[in-house]
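One-letter residues, chain by chain:
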Amino acid sequence: MLHREYIRLKSQHNKHLSYCVATLMLLCMVIGSFNTCSRAQTPIPKEAIYDKADFGTRIPYQKAHSDLTAQFNRYMKGDSVYLVINDTSVTAYKTDNQRFLKKVIAPALEPYLDELSGLSPSEIINELALFTFNMYQAYFGNSFYRWGGDLFDLDDPQFRGNTSHKRYGLDCSGFVMAPFDLAVYFDLLEDSAAIFSSQGFRYFCEKTGFQDSGGFGGSPNNFRIDTREMIFLGDEVFHIEKGESLSLENLKKLQPGDVVCRKGHAGMIVFIKEHPYYIESGGRIVPSAGGYPVKAEVALPLFAKNRPVSIRRGLLQ
């Protein structure tokens, strides 16, 4: 009798304990979800987002070809190599964006090169920036960020971050460089006229003595520009202090290809239907807008919310 009563009370106790644990877990999930959303999401007015696929540019909107998506997709893992960093052996992964350039980007872009060659430098960069944004989203998703990713695979193989294993993708500075790199690669601009390309950066370093130091431990990095170097390149169009808004006067100064940079991150200005927009790889502004471009007058103050921002121009007209 006492034994049965003991079993009954123990059973009730276990049910009560299970209920408490389940309730606590649910509460933690809700709180955790709320905290994650509040940190990750930046409120952006719907009217500030260009939520259409077609940008209305000279290069038509590109869709991924079904016969190529098996080779080029967000799930492909880069080749691994062993590196010794600070006397420690690590497994790092190489990108292969050059293959995407040769197999996908070049064939899609070549029919429009003659038309692009007749445009001004800023118009060329505008077309190529929106084209790159379109192509990488089409094949690798709205979030195509890859730590250490650049168009020519110049950066060191990477071992840090949850995207460092990806074969394809661009990080923030790699994405900013891409339209400038394409312009020089396809002979649309001279390297000396596009300082934010790797070739233009090499020209700048050789001419001025500026040091290429974006590799591990400040080592050379094949003239692959890092965010710490971008803030010294080109001419500053204007500066936004931490927490400041964007004046109408400064908004009117923007042109396609202007680089928006601060410590640790960079994006760029493009024009869609004659209005300036901000695009980026990674960051929080474009991801918070569903992967779409955001009007500059909304994006730039958000970008400068916690740190000062420099808008820089590196195109020779």
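This text gives an overview of the structure that appears in the document. (Residues numbered from 1 in each chain as written. Predicted model: local features only at pLDDT ≥ 70, side-chain atom pairs only at ≥ 80, totals over all residues. Heavy atoms only, no water.)

### So, the pattern of salt bridges
It is possible for side chains bearing opposite charge to pair when their charged atoms get close.
Inference 1: This structure, assessed with the given rule, holds 10 salt bridges.
Inference 2: Between Arg167 and Asp96 there is a salt bridge, with the nearest N and O atoms lying 3.4 Å from each other. Taken together, the residues span a long stretch of sequence, with Arg167 in the loop between helix 4 (121–140) and helix 5 (172–185) and Asp96 in the loop between strand 2 (88–93) and helix 2 (97–109) at a distance of 71 residues.
Inference 3: Across the pair Arg313 and Asp258 runs a salt bridge, and its minimum N-O distance is 2.7 Å. With a gap of 55 residues between them, Arg313 in strand 8 (residues 309–313) and Asp258 in the loop between helix 8 (248–251) and strand 4 (259–262) connect regions that are remote in the sequence. (Salt bridge = Lys/Arg side-chain N within 4 Å of Asp/Glu carboxyl O. Helix = DSSP H or I, 4+ residues; strand = E, 2+ residues; numbered from the N terminus.)

### Some points on the packing of helix 2 against helix 4
Inference 1: In contact at an axis separation of 12 Å, helix 2 and helix 4 are set at 115° when each is read in the N-to-C sense. For the crossing formed where helix 2 meets helix 4, the hand is right-handed. Residues Asn97, Phe100, Val104, Ile105, Ala108 and Leu109 of helix 2 touch helix 4, and the partners they reach there are Leu128, Phe131, Met135, Tyr136, Tyr139 and Phe140.
Inference 2: Looking at the contact of helix 2 with helix 4, its residues break down into 11 nonpolar, one polar and no charged. (Axes fitted to C-alpha atoms, helices over the stretch in contact; angles between N-to-C directions. Left-handed = near helix turned anticlockwise from the far one by under 90°. Contact = heavy atoms within 4.5 Å. Nonpolar A, V, L, I, M, F, W, Y, C, P; charged D, E, K, R; others polar.)

### Observations concerning the environment of Val237
Inference 1: Note that Val237 resides in strand 3 (residues 235–240).
Inference 2: Val237 gets classed as buried once you look at its relative accessible area, which sits at 19%.
Inference 3: C-alpha of Val237 to C-alpha of Ser310: the two residues are 73 residues apart in sequence and 7.8 Å apart in space.
Inference 4: Residues in contact with Val237, not counting those within four places in the same chain, are Lys253, Asp258, Ile311, Arg312 and Arg313. (Buried < 20%, exposed > 50% of the residue type's maximum accessible area, 1.4 Å probe, protein only.)

### Here's the deal with the sheet that holds strand 3
Hydrogen bonding along the main chain pairs the strands of a sheet, whether they run parallel or antiparallel.
Inference 1: What the six strands build is an open sheet, ordered 3-8-4-5-6-7; its pairing is antiparallel. Each edge of the open sheet carries a strand with a single partner, namely strand 3 and strand 7 (294–295).
Inference 2: In terms of strand pairing, strand 4 meets strand 5 (residues 265–272) through four bridges, oriented antiparallel. When the bridges of strand 5 are listed, Val259 appears paired with Met268.
Inference 3: Relative to strand 5, helix 4 is tilted by about 115°, and along the sheet it contacts strand 5 and strand 6 (275–279).
Inference 4: Here helix 5 sits on the sheet in contact with strand 4, strand 5 and strand 6, set at roughly 40° to strand 5. (Pairing = 2+ DSSP bridges.)

### With respect to the packing of aromatic side chains
Inference 1: Counting across every chain of the model gives 25 aromatic pairs.
Inference 2: Residues Tyr50 and Tyr277 carry aromatic rings whose centres are separated by 5.8 Å and whose planes lie at 75° to one another, so their mutual orientation is edge-to-face. Remark: Tyr277 occurs in strand 6 and Tyr50 occurs in the loop between helix 1 (2–40) and strand 1 (80–85); sequence separation between them is 227 residues. The burial state of Tyr50 is the same as that of Tyr277; both residues are buried.
Inference 3: On the basis of an interplanar angle of 45° and a centroid distance of 5.6 Å, the ring pair of Tyr136 and Phe144 is categorised as tilted. (Phe/Tyr/Trp six-rings, centres within 6.5 Å; stacked < 30°, edge-to-face > 60°.)

### A closer look at helix 10 (residues 296–303)
Inference 1: Residues of helix 10 that are buried: Ala296, Ala299, Leu300 and Phe303. An end-on view of helix 10 places all buried positions within 95° of arc, on one side of the element. (Arc of directions from axis to C-beta.)

### Structural notes on the pairing of strand 2
For a regular strand, side-chain orientation follows a simple rule: the groups alternate between the two sheet faces.
Inference 1: As judged from the six bridges shared by strand 1 and strand 2, these two strands associate in the antiparallel manner. Note that in strand 2 the partner of Tyr82 across the bridge is Thr91.
Inference 2: A loop of two residues connects strand 1 with strand 2, the two strands running antiparallel in sequence, and Asn86 in this loop sits at a positive phi of about 55°.

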